[in-house]
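Summary of structural features
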Amino acid sequence: MKIISVHEGVVPISSSIRNAWIDFSSMDCSIVAVVSDVMRDGEPVIGYGFNSNGRYSAGEILRRRMIPRVLDADPEALLDEAGELDPARAWELMMTNEKPGGHGERSVAVGVMDMALFDLAAKIADKPLYRYLSDKYGDGAPDDSVFVYAAGGYYAPGKTLRDLQDEMRGFLDMGYTVVKMKIGGADLAEDLRRIEAVLEVLDGDGSRLAVDVNGRFDLDTALSYGKAIEPYGLFWYEEVGDPLDYRLNAVLSEHYSGRIATGENLFSLQDARNLIRYGGMRPDRDIIQVDPALSYGLTEYLRVQQMLAQHGWSARQCIPHGGHQFSLHIAAALKLGGNESYPGEFQPTGGFADGAVVRDSRVGLTEIPGIGFEAKAAFYDVLRALHR
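Keep in mind the model is a prediction, meaning the values are calculated, not measured.

Reading the values: rules and limits
Numbering of residues starts from 1 in every chain and runs along the sequence as written. With pLDDT at 70 or above as the cut-off, local features in this predicted model cover only qualifying residues; side-chain atom pairs require 80 or more to be listed or tallied, and sums for whole chains, interfaces and linings still use all residues. With hydrogens and water excluded, all non-hydrogen atoms of the structure serve as input to the side-chain values. To qualify as a nonpolar core, a set must consist of buried Ala, Val, Leu, Ile, Met, Phe, Trp, Tyr and Cys residues joined through side-chain atoms within 4.5 Å. Classification of residues uses two cut-offs on accessible area relative to the type maximum, computed with a 1.4 Å probe and protein chains only: under 20% is buried, over 50% is exposed, and between them is partly exposed. Every helix listed is a DSSP run of H or I at least four residues long, and every strand listed is a run of E at least two residues long, numbered separately from the N terminus. Residue contacts follow a heavy-atom distance rule, with two residues in contact if any of their heavy atoms lie within 4.5 Å. The rule for pairing is simple: two strands pair if DSSP sees at least two bridges between them. A fitted line through C-alpha atoms represents every axis, and for helices the fit uses only the stretch in contact; the resulting angles, taken between N-to-C directions, go from 0 to 180 degrees. UniProt positions are given in the numbering used here, feature names are shortened, and annotations may be inferred rather than shown by experiment. Every angle not falling under 35 degrees, over 145, or within 65 to 115 is termed oblique; those three ranges are roughly parallel, roughly antiparallel and roughly perpendicular. Each residue is assigned to one class: nonpolar for Ala, Val, Leu, Ile, Met, Phe, Trp, Tyr, Cys and Pro, charged for Asp, Glu, Lys and Arg, and polar for all the others, Gly among them. Note on definitions: salt bridges are taken to be side-chain nitrogens of Lys or Arg within 4 Å of carboxyl oxygens of Asp or Glu.

Re the nonpolar core
Formed by 129 residues in total, the largest nonpolar core has its most connected members in Met113, Ile195, Leu209 and Tyr237. Examining the composition of this core, we find that 12 residues originate from one element, helix 3 (residues 104–124), more than from any other. Those residues in contact with Met113 that lie beyond four places of it in its chain are Val6, Val32, Val34, Leu62, Met66, Ile67, Val70 and Met94.

A word on the sheet that holds strand 2 (residues 28–40)
Read across the open sheet, the 3 strands follow the order 1-2-3; overall the sheet is antiparallel. In the strand order of this sheet, the two ends are held by strand 1 (3–12) and strand 3 (43–50), each with one partner. The average undirected angle you get between the axes of adjacent strands in this sheet is 25°. One ladder, built from 9 bridges, connects strand 1 with strand 2; its direction is antiparallel. The residue of strand 2 that forms the bridge with His7 is Ala33. Strand contacts of helix 1 (residues 59–72): strand 1 and strand 2, with the helix running at about 165° to strand 1, the strand carrying the most contacts. Contacts between helix 12 (residues 377–386) and the sheet are confined to strand 1, strand 2 and strand 3, with strand 2 contributing the most and set at about 70° to the helix.

Some words on helix 8 (residues 246–255)
Burial within helix 8 is extensive, with 7 of its 10 residues counted as buried. Within helix 8, the full set of buried residues consists of Tyr246, Leu248, Asn249, Ala250, Val251, Leu252 and Ser253. Lining the buried residues of helix 8 we find helix 7 (219–229), strand 7 (236–238), strand 8 (260–262) and helix 9 (269–278).

A short note on the UniProt feature "domain: Mandelate racemase/muconate lactonizing enzyme C-terminal" (unreviewed entry) in the protein
UniProt tags residues 161–259 as "domain: Mandelate racemase/muconate lactonizing enzyme C-terminal" (unreviewed entry). For the annotated span residues 161–259, helix accounts for 49% and strand for 11% of the residues, and the straight-line distance between the end C-alpha atoms is 26 Å.

Section: the packing of helix 3 against helix 4 (residues 129–137)
Two numbers describe how helix 3 lies on helix 4: the axes approach to 9 Å, and their chain directions differ by 90°. In terms of orientation, helix 3 and helix 4 fall into the roughly perpendicular class. Within the contact between the two elements, helix 3 uses Phe118, Ala121 and Ala122 and helix 4 uses Leu129, Tyr132, Leu133 and Tyr137. Within the contact of helix 3 with helix 4, the residues separate by chemical class into 7 nonpolar, no polar and no charged.

Re the pattern of salt bridges
Scanning the entire structure with this criterion turns up 28 salt bridges. Two residues, Glu105 and Arg55, come together in a salt bridge whose shortest N-O distance is 3.4 Å. Here the residue Glu105 occupies a position in helix 3, and Arg55 occupies one in the loop between strand 3 and helix 1, the gap between them amounting to 50 residues. Overall, Glu105 belongs to the partly exposed group, its relative accessible area being 31%. Here Glu340 makes a salt bridge to Lys180, at a shortest N to O gap of 2.8 Å. In this pair, Glu340 sits in strand 10 (residues 339–341) while Lys180 sits in strand 5 (residues 179–182), placing the two residues 160 residues apart along the sequence. Side by side, Glu340 and Lys180 carry an identical accessibility label, which is buried. In the salt-bridge network here, residues are joined through shared partners; they are Lys180, Lys182, Asp212, Glu238 and Glu340.

Structure representation (structure tokens):
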């Protein structure tokens, strides 16, 4: 097996929505196509990758460092002992001559390539990615469906409480039972009105509503909001402060008895380990949200999983950020606790296969070899155009 070429591009995933920290008016995303010399039905087998929402495209790093290192490598260096493509070996090549630390956008670029290489490896093996991963890294018996919750409730110009309620009713009509909304982009009083409006839609059941701060709060604000929302018994209180402010998270966990979720902006094993060591996270209730597509790919995410197990954490306490097909396959293969979903947002990259059906907040996977982008028509058209 040999990689013939790698094609890189950018696709917009812009939107008028905003959270407590950023708006998405100019958001974009890197995409890649990795073309192999393996032929099926007269066509080369191609692996595709992209980065999750929330981080911009990383084309400069891909073009100058990551892609050349893969293309310039001896083809044998990308293969395992059985002569099969090994994304972990490609990962080591991409990280050659890279200093430790400073994970930032470099982790995004590596993650894009890592996704494409896993897509390619599973296609060559003629298996859907979740079965390929379960056979290779799991117990060979993957979950056949995955818990998903609907993330929305963004701030938007002119959006009323009735609009927010209608949005959440739409999620319930789609088959979701758990929904998430943004807070922290208004004052406490207004956010409480927004929360209570959504709770009306959920028949007052706070255990079906998660709230997400997107890292906006300082400690005093985090504690004030925590005291105000604790009586609601929410599904979780997410990314309350800066992702690297482990002390804030630890102090919050001493005062807020409900579930805390965080980790989507931690991009390495080392940062995730520091969260576990110093962030006060409680393995009996809290949720780790590391996004494999942003954090150096699945290759690094597997190391994060090993670290968590060593610290007494169950994989079921991991629900990745991102709301895309890659993390859905990973959740099924590694038996994670679920996966995020963004109905209608961050297109064309976000979301699952076109025919995916959510029932009782669970969704199945395609049996298409690889990640299954071929079953997501709007995105697949963009990916095919990239290498034509």
